[in-house]
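Chain residues, written in single-letter form:
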Amino acid sequence: MATRTLGKVAKALLAPALALGATIGLASAPASAAVWSSCDQWGNTSLNGYTLYNNIWGSGAGSQCIWANSGTNWGVNANHPNTGGIKSYPNSKKVVNKSITSLGSLSSSYNVSVPSSGAYNTSYDIWDTDYDYEIMLWVNKTGAVGPLGTSQGNLTLGGHTWTVYKGNNGANEVFSFVRTSNSTSGTVNILPILKWIKDTKHWFGNETIGDVQFGYEITSSSGGLNFTTNNLTVSSS
């Protein structure tokens with residue numbers, strides 16, 4: 001099972017300040033020219049309303065480079081060793097900054113190309129503005145990875161069937177929804193999931209949702225693997 005640490009929170013708070021940090025390893029951006037690319041540990045940029053992060057936050061990481069044609073079409077080449085522990089979470093972030101009860105809708109569509117080897121998950125990482133609660137939606141996973149916490153059973157909600165896990169990483173509560181079968185494209189209706197946590201389970205109150213991130217939580221990708229977000233949209237009202 002993948003280990004989660006406070007570094008996962010730090011990535012959201014520290015990346016802008018450390019955008020000029022050290023370059024990590026020798027991974028390279030794709031051969032075709034992209035609008036933006038970076039091999040820096042905390043490399044980040046903003047494109048068409050989304051913020052992209054290379055975000056190599058875990059210990060024992062190898063090399064990783066991110067590229068982007070837009071905030072909704074991007075990818076990474078990652079070469080992390082075949083050891084335990086999450087190495088990175090390259091992602092694209094959309095800021096919502098609305099309370100659950102003030103949201104009329106919150107949904108996202110995704111289309112990805114991911115490797116058949118390695119150890120990783122493709123996931124949404126949703127945070128409240130105080131970073132007290134983390135809601136993860138895993139749409140696919142490969143290799144020796146697993147969510148934090150204990151299983152709360154299966155649930156069909158937001159257009160998918162999930163196994164729900166509840167846990168705590170020492171810094172915040174973590175609620176993980178792991179799709180019962182892998183998917184590389186689809187639409188997730190996120191708001192009913194947030195309302196289920198709030199109104200049915202009472203695991204939190206009327207939180208203000210800050211960041212909706214989508215990316216790849218990579219534990220190992222030995223030899224260099226490509227992860228591509230062909231298209232991503234996050235919309236709210």
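Preceding this section is the structure that the text describes.
In this report, the structure presented in the accompanying data block is examined. Because the structure is a prediction, the values reported are computed rather than measured.

1. Comments concerning the side chain of Lys87
Examined against the element boundaries, Lys87 turns out to sit in the loop between strand 5 (73–79) and strand 6 (91–99). Among buried Asp, Glu, Lys and Arg side chains, Lys87 stands out as unpaired, with Glu217 the closest opposite charge at 12 Å. When neighbours within four sequence positions are excluded, Lys87 is seen to be in contact with Ile56, Trp57, Gly58, Ser59, Gly60, Ala61, His80, Pro81, Ile218 and Thr219.

2. So, unusual backbone geometry
Phi at Asn97 takes a positive value of approximately 55°, unusual for a residue other than glycine. Its place among the elements puts Asn97 in strand 6. Given the relative accessible area of 48%, Asn97 is considered partly exposed. Of note in the backbone geometry, Tyr131 takes a positive phi value of approximately 60° without being a glycine. Counting through the fold element by element, Tyr131 comes out in the loop between strand 8 (119–128) and strand 9 (133–142).

3. Considerations on the sheet that holds strand 1 (residues 36–38)
What the six strands build is an open sheet, ordered 1-4-5-15-7-13; its pairing is antiparallel. Strand pairing shows two members of the sheet lacking a second neighbour, strand 1 and strand 13 (185–189), which therefore form its edges. The sheet shows a mean angle of 20° between the axes of neighbouring strands, direction not considered. Strand direction decides the pairing type here: strand 1 and strand 4 (residues 63–70), joined by three bridges, are antiparallel. Bridge pairing links Ser38 to Ile66 in strand 4. Each of strand 7 (106–113) and strand 13 touches helix 2 (residues 190–200); the most contacted strand, strand 13, lies at about 45° to it.

Conventions we followed
Residues numbered from 1 in each chain as written. Predicted model: local features only at pLDDT ≥ 70, side-chain atom pairs only at ≥ 80, totals over all residues. Heavy atoms only, no water. Helix = DSSP H or I, 4+ residues; strand = E, 2+ residues; numbered from the N terminus. Buried < 20%, exposed > 50% of the residue type's maximum accessible area, 1.4 Å probe, protein only. Lys, Arg positive; Asp, Glu negative; His and termini not counted. Salt bridge = Lys/Arg side-chain N within 4 Å of Asp/Glu carboxyl O. Contact = heavy atoms within 4.5 Å. Pairing = 2+ DSSP bridges. Axes fitted to C-alpha atoms, helices over the stretch in contact; angles between N-to-C directions.

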